[in-house]
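One letter stands for each residue in the lines below.
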There are 2 protein chains.
Amino acid sequence: MITVLSGGTGTPKLIQGIKEIYPEEEINVIVNTVENNYFSGVYVAADIDTVLYTFSNLINDETWYGIKDDTFITNERLAEIGTPELLRIGDQDRATKIQKTLLLKEHTLSEAVDIQRKNLGIKAKIIPMSDEHSEIKIETEEYGDIEFHDFLIKYQGQPTVTKVKYSEVNPSPDIIKIIQDSDKVIIGPSNPITSILPIISLKGVSEELENKKVIAVSPFIGTSPVSGPAGKFMSASGYETSSIGVAKIYESFLDTLIIDSSDDKMIEEIEKIIPNVIAANTIMKTINDKKELAKLVLNSD
Amino acid sequence: MITVLSGGTGTPKLIQGIKEIYPEEEINVIVNTVENNYFSGVYVAADIDTVLYTFSNLINDETWYGIKDDTFITNERLAEIGTPELLRIGDQDRATKIQKTLLLKEHTLSEAVDIQRKNLGIKAKIIPMSDEHSEIKIETEEYGDIEFHDFLIKYQGQPTVTKVKYSEVNPSPDIIKIIQDSDKVIIGPSNPITSILPIISLKGVSEELENKKVIAVSPFIGTSPVSGPAGKFMSASGYETSSIGVAKIYESFLDTLIIDSSDDKMIEEIEKIIPNVIAANTIMKTINDKKELAKLVLNSD
């Protein structure tokens, strides 16, 4: 049994590889929830839905958000009548979000997601990191504290980030036990600051990771993240924007970091921080890339 | 200036006629709200939306619910994933409902609807009867008290109705003044018990109607309502299920009742209850039927 810690884009790509070569019923995915919030009247757990859609092969793997070939009729009509949506929610995707919103009236988020993954025929366990509402704010030089999704969408990730702040929440009930029962914990190539650190910072999690084989895939190529705003968040949090910074963040429990082949000059530096470094192709363009990287992750200790 | 009291189907048909021959900016429509509720996470004010769509020519005038040529992608997906909707909400229609739900966070229902009607370019004023949440329950022999929409949809209007109960609410702020300022009040051929009586029962309304010219169109042909479950609700409330019962309900303030030509044998009986009765074609199949009936309503006193 393995546990994967996941955000919304890089890690689901790796999961596409893992689920091809590892028994799905033995995969647990703990998913970041700090970015969850209500939009357009529905509860949006974007990273969780991306993981749900990744396992059910519904994912739009161009945007890594929502369902492939979805339509946007409600979304477009909302803009026409003067209420444009901050998040562009597709019509089929909206059904997932409405269902989750309705389930949340009588269930915890963990229970709601478990019902949804079963409905979609998913055998892997998908576990929200917390059942509590959390908030994430991006402190910027230009606009002060702004909402995470506003930073990404309204401000297009442009402002200078001075700090990333998120609320402390309690882990959802099964997380510690699931990590304990796993042979290995895999940290996917998600944004270390906004996607992975919130999971690791949960009470008891980093202590538990110290007793486990933990393998991470770096989301950096050189000084640029493969996708998204990880760089700005890393430097605002005092880390070098490269795989070296990633190694520092995971230092206390990480056994192996997989970095991109093009960064092999960093190996020596990273080996001073953590025990093992492997250079490999981390870009995952094709399903074969994903399977190869998944194989490497599953076979490393 | 005129005021129309409206429910969801019959009266909007008449409004289609009225708006062709009367200045739109001088029309006020007070709309029933007792059936409003949250469904699929959004606030559904079905009768209000029907009136909004009637004025903006978006109405699906086969079902008198929602937008014509709408799609049902979210609705169908919700059924696929195991959360079928009680109300079948179309994708464009859902945008109206999401907008209203979001507006209600910062506005009263009256204000929200006023913003929506202006967005849609509607010059008529559309006024919810109340800004307060109300409930309507149908007491049945078979199942006890059930929700109005459950009665109509889940139980297909089949149970034996023993009573219709709805909560007492306060009128929305402008209602009394709008009636006072109107030359005439028109009660459309909507369900007298569940659509019109809730409006009339609002504090101060029936007293105001006694000072006004009030003309109603009966929703009955013989002993059958033109559409919907008005009959069951009428007899459960102790009224004859015909235009005679309608006259009795509106007795204290009604000046003229327009009944269907085929019911001309009832004229004598109804004239014992209210001052004037006119027999005419009330079925409104074509736009010409609607305009003819509107002309008759507007010219009668």
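Residues numbered from 1 in each chain as written. Chains lettered and ligands numbered in written order. Predicted model: local features only at pLDDT ≥ 70, side-chain atom pairs only at ≥ 80, totals over all residues. Heavy atoms only, no water.

**Student:** Please provide a residue-by-residue account of the packing of aromatic side chains, values included.
**Tutor:** Residue and element names in this part refer to chain A. A full pass over the atoms with the stated rule returns ten aromatic pairs over all chains. Taking 6.1 Å as the distance between ring centres and 40° as the angle between the ring planes, the aromatic pair formed by Phe148 and Phe233 counts as tilted. With Phe148 in helix α6 (residues 148–154) and Phe233 in helix α10 (residues 230–236), this pair connects stretches of sequence that are 85 residues apart. The two residues Phe148 and Phe233 agree in class, both being buried. Here Phe151 and Phe233 contribute two aromatic rings whose centre-to-centre distance is 5.4 Å and whose plane-to-plane angle is 45°, an arrangement assigned as tilted. Note that Phe151 is positioned in helix α6 and Phe233 in helix α10, a separation of 82 residues in sequence. The pair Phe151 / Phe233 is uniform in exposure class, with both members buried. Grouped by ring-pair contacts, the aromatic residues Phe148, Phe151 and Phe233 constitute a single cluster. Directly above the aromatic system of Phe72 lies the positively charged group of Arg88, at a separation of 3.7 Å from the ring centroid. (Phe/Tyr/Trp six-rings, centres within 6.5 Å; stacked < 30°, edge-to-face > 60°. Helix = DSSP H or I, 4+ residues; strand = E, 2+ residues; numbered from the N terminus. Buried < 20%, exposed > 50% of the residue type's maximum accessible area, 1.4 Å probe, protein only. Lys NZ or Arg CZ within 6 Å of the ring centre and 35° of its normal.)

**Student:** Describe in detail the sheet that holds strand β6 (residues 136–140) of chain B, supporting the description with residues and values.
**Tutor:** Residues and elements named next belong to chain B. If you trace the three strands from one edge of the open sheet to the other, you get β7-β6-β8, paired in antiparallel fashion. Because the sheet does not close on itself, it has two edges, and the strands there are β7 (144–147) and β8 (161–166). Between one strand and the next, the sheet's axes are offset by a mean angle of 25°, whatever the strand orientation. (Pairing = 2+ DSSP bridges. Axes fitted to C-alpha atoms, helices over the stretch in contact; angles between N-to-C directions.)

**Student:** Explain the pattern of salt bridges to me, using residue names and the numbers behind them.
**Tutor:** All names here are of chain B. Considering all chains together, one arrives at 29 salt bridges over all chains under this definition. A salt bridge links Asp145 to Lys165, with the nearest nitrogen and oxygen atoms 2.9 Å apart. With Asp145 in strand β7 and Lys165 in strand β8, this residue pair connects regions lying 20 residues apart in the sequence. By relative accessible area, which is 30% here, Lys165 ends up partly exposed. Here Lys272 and Glu269 are joined by a salt bridge, their closest N and O atoms 3.7 Å apart. (Salt bridge = Lys/Arg side-chain N within 4 Å of Asp/Glu carboxyl O.)

**Student:** So, helix α3 (residues 73–80) of chain B: which residues are in play, and what are the values?
**Tutor:** Listing the buried residues of α3 of chain B in full gives Thr74, Asn75, Arg77 and Leu78 of chain B. Down the axis of α3 of chain B, the smallest arc covering the buried residues is 165°, so these residues share one side. On the buried face of α3 of chain B, the contacting elements are α4 (91–103) of chain A together with α4 (91–103) of chain B. Following α3 of chain B by one or two positions, Gly82 of chain B adopts a phi angle in the positive range, close to 95°. (Arc of directions from axis to C-beta. Contact = heavy atoms within 4.5 Å.)

Without other data, these values stay purely geometric and don't point to any function.
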